[in-house]
Amino acid sequence: MTAEHSPTVRGMTDFFLQSARIGFRLWRTSDLPLACALWGDPAVTRFIAAGGLSERQIQARLEREIETQRCHGIQYWPIFLAATGEHIGCCGLRPHGDDPGAPEFGVHIASRHWRRGYAFEAASCAIDHAFGVVGAKALFAGHNPANVASRGLLTQLGFVYTHDEFYEPTGLRHPSYILVPSQVRPDPALNQTNRAAAATPRAPPRPVR
Ligand SMILES: CC(C)(COP(=O)(O)OP(=O)(O)OC[C@H]1O[C@@H](n2cnc3c(N)ncnc32)[C@H](O)[C@@H]1OP(=O)(O)O)[C@@H](O)C(=O)NCCC(=O)NCCS
């Protein structure tokens, strides 16, 4: 693996949320190389955007994430290995429908890191943050009907299937799920410091430009 394909973050002091192995920070405009390494990976976007994403589309996605944080205090936050600073994906929330109390949850992991439990660990941490700090009452999630990995992950997290919903980027009806706090299956490895922090509501992180 080349350094180009293994982007690292300088210093890990910008994490606003951390689990045993994973740190979360906010997207910055200078993160285009990280965004391209993640969303330029055809395995990652296979079930999200048919035909993949161009660099221009990835840049637009990055700008949208930054804007979502500015307007709503949430985004699909970039995530990093706490031990090395290597960027491994994104995990978080975005607005869905008309109810600000029920945002959409999502997680994308770079394919070279699949099947190491990172999605489950990051998701558990983000869900804890969503209910404990962001103030969400419920979380929505959906996946391409062919995405068995996503279905397995959502089920393992405690999400419950509710209906199929049309998703414009794929042109398909995506199985859709809801998670409420009483259904959460906690990650036993979730860092206790983070759990304590999540129990104490605090201001959402400031957007970084
Ligand atoms: C779905 C995705 C996030 C899983 O990431 P991951 O780090 O490999 O997942 P984990 O190792 O944490 O696995 C957690 C659970 O997900 C399910 N899962 C993950 N990959 C799977 C696969 N290839 N086939 C079936 N189930 C799978 C399993 O239930 C797994 O639990 P197990 O290991 O005890 O069987 C990853 O494949 C990905 O980023 N895909 C592209 C983007 C995407 O589809 N995101 C989902 C949108 S919500």
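Conventions used here
- Residues numbered from 1 in each chain as written.
- Predicted model: local features only at pLDDT ≥ 70, side-chain atom pairs only at ≥ 80, totals over all residues.
- Helix = DSSP H or I, 4+ residues; strand = E, 2+ residues; numbered from the N terminus.
- Expected span 1.5 Å × (residues − 1).
- Buried ≥ 20, exposed ≤ 12 C-beta atoms within 10 Å, placed from the backbone.
- Arc of directions from axis to C-beta.
- Contact = placed C-beta atoms within 7 Å.
- Core = buried A, V, L, I, M, F, W, Y, C linked by C-beta atoms within 7 Å.
- Pairing = 2+ DSSP bridges.
- Near = placed C-beta within 6 Å.
- Nonpolar A, V, L, I, M, F, W, Y, C, P; charged D, E, K, R; others polar.
- Axes fitted to C-alpha atoms, helices over the stretch in contact; angles between N-to-C directions.
- Left-handed = near helix turned anticlockwise from the far one by under 90°.
- Parallel < 35°, antiparallel > 145°, perpendicular 65-115°, else oblique.

Draft legend 1. Quick look at the environment of Glu 168. Topologically, Glu 168 is positioned in the loop between strand E7 (160-167) and strand E8 (172-179). Counting along the chain gives 119 residues from Glu 168 to Ala 49, while the straight-line C-alpha distance between them is 9.6 Å.

Draft legend 2. Fine view of helix H3 (residues 55-72). Between its first and last C-alpha atoms H3 spans 25 Å; for 18 residues at 1.5 Å apiece the expected length is 26 Å, and the two agree. Taken together, the buried positions of H3 are Leu 62, Glu 65, Thr 68 and Gln 69. When H3 is viewed along its axis, its buried side chains cluster within an angular range of 120° and face the same direction. Among the exposed residues of H3, those pointing more than 90 degrees away from its buried face are Arg 56, Ala 60 and Cys 71. Buried residues in H3 make contact with helix H1 (32-39), strand E3 (76-81) and strand E4 (87-94). Just downstream of H3, Gly 73 is the residue with a positive phi angle, here 75°.

Draft legend 3. Structural context of the nonpolar core. In terms of nonpolar packing, the biggest core is built from 46 residues, with Ile 79, Cys 91 and Ala 122 touching the most fellow members. The element best represented in this core is helix H4 (residues 118-134), accounting for 10 residues. Sequence-distant contacts of Ala 122, that is, excluding residues within four places in its chain, are made with Ser 19, Ile 22, Ile 79, Cys 91 and Val 107.

Draft legend 4. Region of interest: the pairing of E4. With seven of its eight residues buried, E4 lies for the most part within the structure. In this sheet, E4 lies alongside E3 in antiparallel orientation, the contact comprising five bridges. When the sheet's bridge partners are listed, Pro 78 is paired in E4 with Cys 90. Here E3 folds back onto E4, and the loop between the two strands holds five residues, one of which, Gly 85, carries a positive phi near 85°.

Draft legend 5. Quick peek at the site of the ligand. The environment of the ligand is made up of 22 residues, and the closest members are Trp 114, Ala 119, Ala 149, Gly 152 and Leu 153. Residue assignment for the shell around the ligand shows that the elements contributing at least two residues are strand E5 (104-109), H4 and helix H5 (148-157). With six residues, H5 is the largest single contributor of residues to the shell around the ligand. Of the residues belonging to the shell around the ligand, the class tally is 12 nonpolar, eight polar and two charged.

Draft legend 6. Highlighting unusual backbone geometry. Phi is positive for Arg 115, which is not a glycine, with a value near 65°. By the element assignment, Arg 115 lies in the loop between E5 and H4. Look at Arg 115 and you get exposed, because 9 C-beta atoms sit within 10 Å.

Draft legend 7. Layout of the packing of H1 against H3. In contact at an axis separation of 10 Å, H1 and H3 are set at 115° when each is read in the N-to-C sense. Remark: the crossing between H1 and H3 carries right-handed chirality. Note on element contacts: H3 touches H1 through Glu 55, Ile 58, Gln 59, Arg 61 and Leu 62, opposite Leu 32, Ala 35, Cys 36 and Trp 39. Residue composition of the contact of H1 with H3, by class: six nonpolar, one polar and two charged.

Draft legend 8. Highlighting the packing of H4 against H5. H5 packs onto H4 with a crossing angle of 45° between their chain directions and a minimal axis gap of 11 Å. Of the possible angle classes, the one that applies to H4 and H5 is oblique. For the pair H4 and H5, the sense of crossing is right-handed. From H4, Ala 119, Phe 120, Ala 123 and Ile 127 reach across to H5, where they touch Leu 153, Gln 156 and Leu 157.

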